[in-house]
Amino acid sequence: MNFEKLVVITNMPSPYQVDFFNALGKKVNLTVIYVKKTEPERKWHYEVNIEHDHIFLRRNTLNIWNNIAKKDTLFIVSGYNLPAFIRAMFYLTIKKIPWIFWGEKIRLNKLYVKNITVLKLLKHARAILGIGEVAARLYYETTKVPTFVFPYHINTERFYRRHRPDGSKINFLYSGQLIKRKGVLDIQDAFEKVYNDYGEKVHLHIVGDGPLYDIIKRKTSSYATQVHLYGFVRYEELPRIYQRGDIFLFPSLYDGWGVALAEGMAAGMVPIATFTTGAATDLILHGYNGFIIPPSQPSLLAHYMEKLVENPERIYKMGANAAQYVKHKNEIKNGVKTLLGILKEI
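Chemist: Sorry, what's going on with the sheet that holds strand β3 (residues 53-56) here?
Modeler: Strand pairing in a sheet takes place through backbone hydrogen bonds and is either antiparallel or parallel in direction. What the 7 strands build is an open sheet, ordered β3-β2-β1-β4-β5-β6-β7; its pairing is parallel. Looking at which strands have only one partner, the edges of the open sheet turn out to be β3 and β7 (147-149). The mean angle between the axes of side-by-side strands here comes to 20°, regardless of whether they run parallel or antiparallel. Of the pairings in the sheet, the one linking strand β6 (residues 127-130) to β7 comprises 3 bridges and is parallel in character. Looking at the pairing, I128 lines up with T147 of β7. Where helix α3 (residues 83-94) meets the sheet, it contacts β1 (5-10), β4 (73-78) and β5 (99-103), and its direction lies at approximately 150° from that of β4. Relative to the sheet, helix α5 (residues 133-143) contacts β5, β6 and β7, its axis offset from that of β7 by approximately 175°.

Chemist: I'm lost on the side chain of N330 in this one. Help?
Modeler: Looking at the secondary structure, you find N330 in helix α13 (residues 312-330). The class for N330 is buried, based on a relative accessible area of 1%. Dropping the residues within four chain positions of it, N330 is found in contact with P151, Y152, H153, I154, T156, W257 and L283.

Chemist: How should α13 be read in this particular structure?
Modeler: Think of an α-helix as turning once every 3.6 residues; residues three or four places apart then point the same way. Given a rise of 1.5 Å per residue, 19 residues ought to cover 27 Å, and the 26 Å separating the end C-alpha atoms of α13 matches this to within 8%. Burial in α13 covers these residues: P312, I315, M318, G319, A322, A323, V326 and N330. Taken end-on, α13 shows its buried residues confined to a sector of 145°, consistent with a single buried face. Opposite the buried face of α13, at more than 90 degrees from it, the exposed residues are K317, Q324 and H328.

Chemist: What is the right way to read the nonpolar core from this model?
Modeler: Note that soluble globular proteins tend to have their nonpolar side chains buried in a common cluster. Among the nonpolar cores identified, the biggest contains 85 residues, and F172 and I272 are the most heavily contacted of them. Setting aside chain neighbours within four positions, we find F172 in contact with F191, V194, V202, H203, L204, H205, I247, L249, M305 and V309. In terms of nonpolar packing, the next biggest core, distinct from the first, is built from 32 residues, I68, F101, L119 and L121 among them.

Chemist: Help me out: how do you make sense of the packing of aromatic side chains in this one?
Modeler: Each pair of aromatic rings is reported with the distance of its centres and the angle of its planes. Evaluated as defined, the whole model comprises 18 aromatic pairs. Taking 6.0 Å as the distance between ring centres and 75° as the angle between the ring planes, the aromatic pair formed by F159 and Y235 counts as edge-to-face. Residue F159 is found in helix α6 (residues 156-159), and its partner Y235 is found in the loop between β10 (227-231) and α9 (238-242); the two are separated by 76 residues along the sequence. For the residue pair F159 and Y235, the accessibility class agrees, reading buried in each case.

Chemist: Sorry if this is basic, but what is going on with the pattern of salt bridges here?
Modeler: Pairing between side chains of opposite charge can happen when the charged atoms of each approach one another. All chains considered together, the criterion is met by 8 salt bridges. We note a salt bridge from R181 to D255, for which the minimum N-O separation is 3.9 Å. With R181 in the loop between β8 (170-175) and α7 (184-198) and D255 in the loop between β11 (247-250) and α10 (259-266), this residue pair connects regions lying 74 residues apart in the sequence. By relative accessible area, which is 32% here, R181 ends up partly exposed. The salt bridge involving K193 is made with D197; its shortest N-O contact spans 3.0 Å. Remark: D197 and K193 occur in helix α7; sequence separation between them is 4 residues, near one turn of the helix. On the basis of relative accessible area, D197 is assigned to the partly exposed category, the value being 43%. Salt bridges sharing partners connect three or more residues here, namely R181, K182 and D255.

Chemist: How do you make sense of the sheet that holds β10 when you look at a structure like this?
Modeler: Judged by pairing direction, the sheet is parallel, and its 6 strands sit side by side in the order β10-β9-β8-β11-β12-β13 without closing on themselves. Edge positions in the sheet fall to β10 and β13 (291-293), since each of these pairs with one other strand and no more. The sheet shows a mean angle of 20° between the axes of neighbouring strands, direction not considered. Pairing geometry for strand β9 (residues 202-207) and β10, over 4 bridges, is parallel. When the bridges of β10 are listed, H205 appears paired with H228. Sheet contacts for α7: β8, β9, β10 and β11; angle to β9, the most-contacted strand, approximately 165°.

Chemist: Sorry if this is basic, but what is going on with α10 here?
Modeler: Judged by how many residues are buried, α10 sits mostly within the fold: 8 of 8 residues are covered. A positive phi of about 85° marks G268, the residue just after α10.

Chemist: Help me understand the pairing of strand β2 (residues 30-34), please; the structure alone is not making it clear to me.
Modeler: Within a regular strand, the side chains alternate between the two sheet faces. Within β2, 5 of the 5 residues are buried, which leaves it mostly tucked inside the rest of the structure. Alternating positions in β2 separate into two faces, L30, V32 and Y34 on one and T31 and I33 on the other, with burial throughout. In this sheet, β2 lies alongside β1 in parallel orientation, the contact comprising 5 bridges. Within the sheet, the bridge partner assigned to L6 lies in β2 and is L30. Read from β1 through helix α1 (residues 15-24) to β2, the crossover connection turns out right-handed. When β2 meets β3, the two strands line up parallel, connected through 4 bridges. Bridged to T31 within β3 is D53.

What counts and what doesn't
Residues numbered from 1 in each chain as written. Predicted model: local features only at pLDDT ≥ 70, side-chain atom pairs only at ≥ 80, totals over all residues. Heavy atoms only, no water. Pairing = 2+ DSSP bridges. Helix = DSSP H or I, 4+ residues; strand = E, 2+ residues; numbered from the N terminus. Axes fitted to C-alpha atoms, helices over the stretch in contact; angles between N-to-C directions. Contact = heavy atoms within 4.5 Å. Buried < 20%, exposed > 50% of the residue type's maximum accessible area, 1.4 Å probe, protein only. Expected span 1.5 Å × (residues − 1). Arc of directions from axis to C-beta. Core = buried A, V, L, I, M, F, W, Y, C linked by side-chain atoms within 4.5 Å. Phe/Tyr/Trp six-rings, centres within 6.5 Å; stacked < 30°, edge-to-face > 60°. Salt bridge = Lys/Arg side-chain N within 4 Å of Asp/Glu carboxyl O. Right-handed = clockwise from strand over helix to strand, strands pointing away.

Here's what the structure looks like:
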């Protein structure tokens, strides 16, 4: 379709999305409306590197919509979990202004009134961009609206590195919030078994903060020399930390997608992740560039960890496969090209 201006309304300026919008803004007349500057559990700094036209939503949102919502404008509503997204869908539908939905899988097993409302509103969207194959399939089956797979995209070059593990030391790494849903206690259980079998040869690096930080620190105190707890690390510092990892652990109980997994693969780490993680089912070819396991299975997680410890050469080969696969599927410049193609098609 033809449009003079593209407006994206999204949650907050997460670093990987800022990178993507910066690149997209060089190709189209773009404005990004951010609903908020940050969230209590996030420590990202929104001021850094925003090079595209943007607005932070204020209380008086009607003036913004009246000023920016024109007939020659195409909107992308990127999310459903905040009232601002639902208000935007209502407003654009009533005003007959074309809009597209871009989002992760909605959890149908939690049919709140909000979720039911969203699914009804989505039937008025011009198209849906599902963040991952699972999300796209679900949205098409429930709405019959034209749907495309369009996951998050990252600057893979920021993370890429290659080194060949010599087998003398194997480093496991996790990056994300330290909360139960992320499976971090399964990581601790699995690593404890691997440590008991291999001793000082193995190390665990945990990047992130959250309510389980002190619990993990206490549970790993008997082998604290092998566990490296970094706390919160600024986004620009992540590639330096990722240089230390050989195997990326991401055993989430549930994750709509999981950008950290793509970043870990871009860094050449071999991922071990759960099939309840959207990015895992999109990006991991089991046995070729990583391993996929069921959630809440620390013994199986430990099994695949030990398979890699026993074969450092396989770590190198599978890590190279992982980096190449993510570069092809999720590099920002490829994402911009794909999105522009979709917008022409609808």
